[in-house]
Amino acid sequence: MQPLIDNARMFGQRPEEFAKLAEGQSPQVLFITCSDSRVVPALITGARPGELFELRTAGNIVPPYASEHPTSEAATIEYAVEVLGVRDIVVCGHSHCGAVGALVRGDDLTAVPAVRDWLTHATPRPVGAAEDPAVADGVQNHALAQVLRLRSYPYVDKKLAEGQLTLHAWYYEVHTGSVLTHDPSSDSFRAL
């Protein structure tokens, strides 16, 4: 913890670098990814403060849209699309994902009921090789399912129909740093 505290102290020693951030934000991208500490969106994309709006959830799950009981995830997506006017949404899964791995393997999650219940939103259950520690196929299938789920959000669907929004599925390899993107024309993941 001490190195983090030391950096936080030094971070605030450059107020002139951050003064413009008080004027507001205008990110062009909503980046939806896992809560995993090895996945750092700004590091992966090179984004500076104010350039990337982030939504981090266990397993980069986009829950079903429900207008009568909105979730914090739905509120974040709505704000990004309707207020900030993002032009792109990236759903980025990652190798060695514990959440997707648990789903692919069918792990018993009774000891972590909140995790178990949250993962029920990951339907359909990702398909992949249970013996693959990177769970690459499962994570990629899961990222695509979350992109499809986004289409059920009415404001996302509206912006897509108007040509004002584009959805992307990415796969980040924790062990190499490589990023792959889904190519709809070949229905495969390819290097960026």
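How each quantity is defined
- One numbering rule holds for all chains: residues counted from 1, following each sequence as written.
- Whole-chain, interface and lining totals are the exception, using all residues; otherwise, since this is a predicted model, local features are given only for residues with pLDDT of at least 70 and side-chain atom pairs are given and counted only at 80 or more.
- Based on all heavy atoms of the structure, the side-chain values leave hydrogens and waters out of the count.
- Only DSSP runs of H or I with at least four residues qualify as helices, and only runs of E with at least two residues qualify as strands; both kinds are numbered from the N terminus onward.
- Only buried Ala, Val, Leu, Ile, Met, Phe, Trp, Tyr and Cys residues count toward a nonpolar core, and they belong to the same one when joined by side-chain atoms within 4.5 Å.
- Burial classes: relative accessible area under 20% of the type maximum marks a residue as buried, over 50% as exposed, and values in between as partly exposed (1.4 Å probe, protein chains only).
- Contact between two residues is taken to exist if any of their heavy atoms lie within 4.5 Å; hydrogens are not considered.
- Definitions used for this entry: grid spacing 1 Å over protein atoms alone; cavity, a set of points where a 1.4 Å probe fits but cannot get out; pocket, an open set with protein on both sides within 12 Å along at least 5 of 7 lines; lining residue, one with an atom within 4 Å of a point.
- Grid points are joined across faces, edges and corners, and a volume is the space filled by probe spheres set on the points.
- Residues are sorted three ways: Asp, Glu, Lys and Arg are charged, Ala, Val, Leu, Ile, Met, Phe, Trp, Tyr, Cys and Pro are nonpolar, and all the rest, Gly among them, are polar.
- Two strands pair under a simple rule: DSSP has to find at least two bridges between them.
- Between N-to-C directions, angles cover 0 to 180 degrees, with each direction set by a line fitted to C-alpha atoms, over the stretch in contact for helices.
- When describing relative orientation, an angle under 35 degrees is termed roughly parallel and one over 145 degrees roughly antiparallel, while 65 to 115 degrees is termed roughly perpendicular and anything else oblique.
- Left-handed describes a crossing whose near helix is turned anticlockwise from the far helix through less than a right angle; right-handed describes the clockwise counterpart.

*Asks:* I would appreciate a short explanation of the environment of Glu131 in the present structure.
*Replies:* Mapped onto the secondary structure, Glu131 falls in the loop between helix 6 (113–119) and helix 7 (136–150). Remark: the alpha-carbon pair of Glu131 and Gln13, spanning 118 residues in sequence, is separated by 48 Å.

*Asks:* Hey, could you run me through the nonpolar core in this one?
*Replies:* Nonpolar side chains in soluble globular proteins generally cluster together in the buried interior. Counting residues in hydrophobic clusters, the biggest one holds 42 residues, and the most contacted among them are Leu30, Ile32, Ile77, Ile89, Leu150 and Val156. Leaving out residues up to four positions away in the same chain, Ile89 has contacts with Leu30, Ile32, Val81, Leu150, Val156, Leu165, Thr166, Leu167 and His168. Val39, Leu52, Trp170 and Tyr172 belong to the second-largest nonpolar core, a separate cluster that totals ten residues.

*Asks:* Would you take a moment to explain the layout of surface pockets for this structure?
*Replies:* In this approach the atoms are scanned with a rolling probe the size of a water molecule, which exposes any empty space left behind. Roughly 170 Å³ of volume is contained in the largest pocket. Lining the largest pocket are Leu144, Val147, Leu148, Arg151, Leu167, His168, Ala169, His182 and Pro184. For the lining of the largest pocket, the secondary-structure elements that each account for two or more residues are helix 7 and strand 4 (166–172). Residue composition of the lining of the largest pocket, grouped by class: six nonpolar, two polar and one charged.

*Asks:* Would you explain the pairing of strand 4 in this entry?
*Replies:* Walk down a regular strand and you will see the side chains alternate between the two sheet faces. Taken across its seven residues, strand 4 has five buried, putting it largely inside the fold. Note that strand 3 (residues 88–94) and strand 4 share seven bridges and pair parallel. When the bridges of strand 4 are listed, Val91 appears paired with Ala169. Sheet topology note: the strand 4/strand 5 (residues 179–183) ladder contains three bridges and is antiparallel. Paired with Tyr172 across the strands is Val179, a residue of strand 5.

*Asks:* Even after reading the chapter, I still don't get unusual backbone geometry, so can you show me in this structure?
*Replies:* Leave glycine aside and you will find that most residues have negative phi; peptide bonds, for their part, are mostly trans. The phi angle at Asn60 is positive, at roughly 40°, despite the residue not being glycine. Note that Asn60 resides in the loop between strand 2 (52–57) and helix 4 (72–83). Taking relative accessible area as the criterion, Asn60 reaches 1% and is therefore assigned buried. Look at Asp187: it is not a glycine, yet its phi comes out positive at around 50°. Residue placement: Asp187 occurs in the loop between strand 5 and strand 6 (188–191). Classification of Asp187 by relative accessible area gives exposed; the value is 57%.

*Asks:* I tried to follow the packing of helix 4 against helix 8 (residues 154–161) on my own but got confused; where do I start?
*Replies:* The relative placement of two packed helices comes down to the angle between their axes together with the axis-to-axis distance. Packing of helix 4 against helix 8 brings their axes to within 9 Å, and their N-to-C directions diverge by 30°. As summarised for this structure, helix 4 and helix 8 are arranged roughly parallel, according to the angle between their axes. Where helix 4 crosses over helix 8, the two elements pack in a sense that is left-handed. Counting all contacts with helix 4, which are made through Ala74, Ile77, Glu78, Val81 and Glu82, the residues of helix 8 involved are Tyr155, Val156 and Lys159. Of the residues in the contact of helix 4 with helix 8, the class split is five nonpolar, no polar and three charged.

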